[in-house]
Each structure stands twice: as structure tokens, then as C-alpha cells.
Amino acid sequence: MNDERRRKQLADFLRSRRSRLSPGEMGLQVETSRRRTKGLRREEVSSLSGISLPWYTALEQGRDIHVSKQVLESLVRTLRLNSDERNHLLVLANHSPLPQSKADDTVSPSLQKILDRMGTYPAYIIDRRWNVIALNQISDTLCRDFSRDPELGRNILWRVFAVEDSKFRIVNWENVASTMVAHFRSRFAFYMNDSWYQELVDKLCDRSEEFRTLWERHDVSDTLEGEQIIRLPETELLTFRYHTFKISESSDFALRVFTPVSEENKVLDSENIVVD
């Protein structure tokens, strides 16, 4: 079942990538008035990639066939995939090693000390499912009692799409949301054998039309940094640049730190008072 799911994801990804390319930009002469296919046709992809049409059709239909890395690289060139999309393709086609997850889901006291010493820089630690498992006090203040939320409410993807208040408080919500979904889909490919991931995706698709639309685009990204603008009641906007750091090669944990774009930005203290 897991292999079948992976093959379906590969098929959907290939269809989404060829649909965004036009014959004209690929140097193909076509009769546009008679054309119904959005983007390239299967036969055009197979011809440009130097592979047979029946074989490529089987690949897009999710059939159980072996795909060589040489063929995948040919598809990378034809579909004009960027480096993140190429890596995603290799993972889906089982040409990239999957991470070995650790059973330990606890944060050591030393890691919590690092969070606490960051002062007015919000920071938290997430596990491989993007659940916040540790955070400092200022981060809890910005997230409005994050520590009291139930398990699903501690998932950063769920909060962005399923918690209505997030759309108001995150000023650049559209950019943050699309970036998060693209990065989560990249991670989803690695952990597809964990049914929890598919269950979360199903719940979000039911809960949020915005998430469903972004998920169906099959965009992927390995970007671990970005900008987030936070609106708080009766305060100016707070603009942060966030960076995400893998804690160690053997750990599923990642540390995300929010730093002010300018040192002149106002930030919050632990009592929820705006200070310079």
C-alpha cells in the first residue's frame, strides 16, 4: 500500500509539472485551436525525454515499474525542474535514501536552556511532524498560550490553516501559507509510510479550501527560511526573519528562530508588553 501511494504521488507530480509547460516554450509547433490538453501532452514529454510513450504513460498511471536515475534526469531536463523539484522526484521514485527516525520525542534540558536564553527572540523546536514540542516564553506570548493547546493545535501547519485567528495575525499569510505547504510536501515524500501525515493532509483538505488548493499544486521547496509579519492588538506590526536549523544529523528535531528584520523593530517581553 505504501509503494502504491508513493507511485500515485509520483504520477500526480509528473502530471502537475507537464501541465505548466506550453508547447511553444518547448519549441514545438502545434495547432492551438485544436488543442485541449493543458500544458504538454504525454507523447510530447516522452519524445522530448527520449523514452517510449507506453513507458511514460505507465509511469503517469502509477504502475509498478522500475525507473532508472538516467530516465529521471531526462525528465528533470524536459520538465525543467528546479533543484528542489528534482530532489522530490528522486525521493518519490525511490532514488534517494529515506531518513531513519528516532523514537525519542523528548527535548533535553540543555535544548530548553538554549530556547530560554534567546530572550526576546521567539524560538521553538518542532519534531518531524511539525508539532511544537518546546518553546521559549516570548514565543508562547506571540502564539497566544501555545503551550495550552491540544496536540493538533501545536502543529504549525494546522495552526496556519485551521486556526482562523492566524489569518488575521499573520499579515503576509498567503506567502507564509504557500511556502509552508511547499516545504511540507517535500517532507511528506520522506515520511509517506507514516499514516499520520496522510491523516493530517486529509483533515486539512476538509477544513481549508486554501490548503486543498495549494496541496493540489504539488509545489515543493526545501527552503528553511522566510519572512513573517505578525499583527498584535494595539501594537505596530512585527516583522521577523525566521531560520530553521536541524539540531543534529541523528535527530528529527529542528530549531526555528525568529529574528527582527531591523534592530529598531519593537518586540514583546514575557509580560506581553511592547518594549523597544
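Please refer to the structure higher up on the page.
The structure displayed is predicted, hence computed values, not measured ones. (Residues numbered from 1 in each chain as written. Predicted model: local features only at pLDDT ≥ 70, side-chain atom pairs only at ≥ 80, totals over all residues. Heavy atoms only, no water.)

1. Description of the packing of helix α11 (residues 195-207) against helix α12 (residues 209-216)
Point 1. Running from N to C, α11 and α12 point in directions that differ by 125°, and their axes come no closer than 5 Å. Regarding the angle of α11 to α12, the classification is oblique. With respect to the hand of their crossing, α11 and α12 are arranged in left-handed fashion. On the side of α11, the interface is formed by V201, L204, C205 and R207, while α12 contributes E209, F211, R212 and W215.
Point 2. Looking at the contact of α11 with α12 residue by residue, the class counts come to five nonpolar, no polar and three charged. (Axes fitted to C-alpha atoms, helices over the stretch in contact; angles between N-to-C directions. Helix = DSSP H or I, 4+ residues; strand = E, 2+ residues; numbered from the N terminus. Parallel < 35°, antiparallel > 145°, perpendicular 65-115°, else oblique. Left-handed = near helix turned anticlockwise from the far one by under 90°. Contact = heavy atoms within 4.5 Å. Nonpolar A, V, L, I, M, F, W, Y, C, P; charged D, E, K, R; others polar.)

2. Describing the side chain of E85
Point 1. With respect to the element layout, E85 can be found in helix α5 (residues 83-92).
Point 2. Using a relative accessible area of 5% as the deciding quantity, one classes E85 as buried.
Point 3. Once residues within four sequence positions are removed from consideration, E85 is found in contact with F13, R17, R20, R80 and V220. (Buried < 20%, exposed > 50% of the residue type's maximum accessible area, 1.4 Å probe, protein only.)

3. Side note on the environment of A254
Point 1. Among the structural elements, A254 can be located in strand β5 (residues 254-260).
Point 2. Judged by relative accessible area, A254 falls into the buried class, the value being 15%.
Point 3. Separated by 124 residues in the primary sequence, A254 and W130 have C-alpha atoms spaced 8.9 Å apart.
Point 4. With sequence-adjacent residues up to four places away left out, A254 is seen in contact with Y124, I125, I126, T244, F245, K246 and I247.

4. Describing the pattern of salt bridges
Point 1. Inspection of every chain in the model, using the stated rule, returns 16 salt bridges.
Point 2. Between E85 and R17 there is a salt bridge; the shortest N-O distance is 2.8 Å. Residue E85 is located in helix α5, and its partner R17 is located in helix α1 (residues 2-19); the two are separated by 68 residues in the primary sequence. For the pair E85 and R17, one class covers both residues: buried.
Point 3. D219 is the salt-bridge partner of R17, the closest N and O atoms lying 3.4 Å from each other. Of this pair, R17 sits in helix α1 while D219 sits in the loop between α12 and β3 (225-230), and the two are 202 residues apart along the sequence.
Point 4. Under the relative-accessibility criterion, R17 is labelled buried at 2%.
Point 5. When its relative accessible area of 27% is taken as the criterion, D219 is described as partly exposed. (Salt bridge = Lys/Arg side-chain N within 4 Å of Asp/Glu carboxyl O.)

Worth remembering: the numbers are spatial, not functional.
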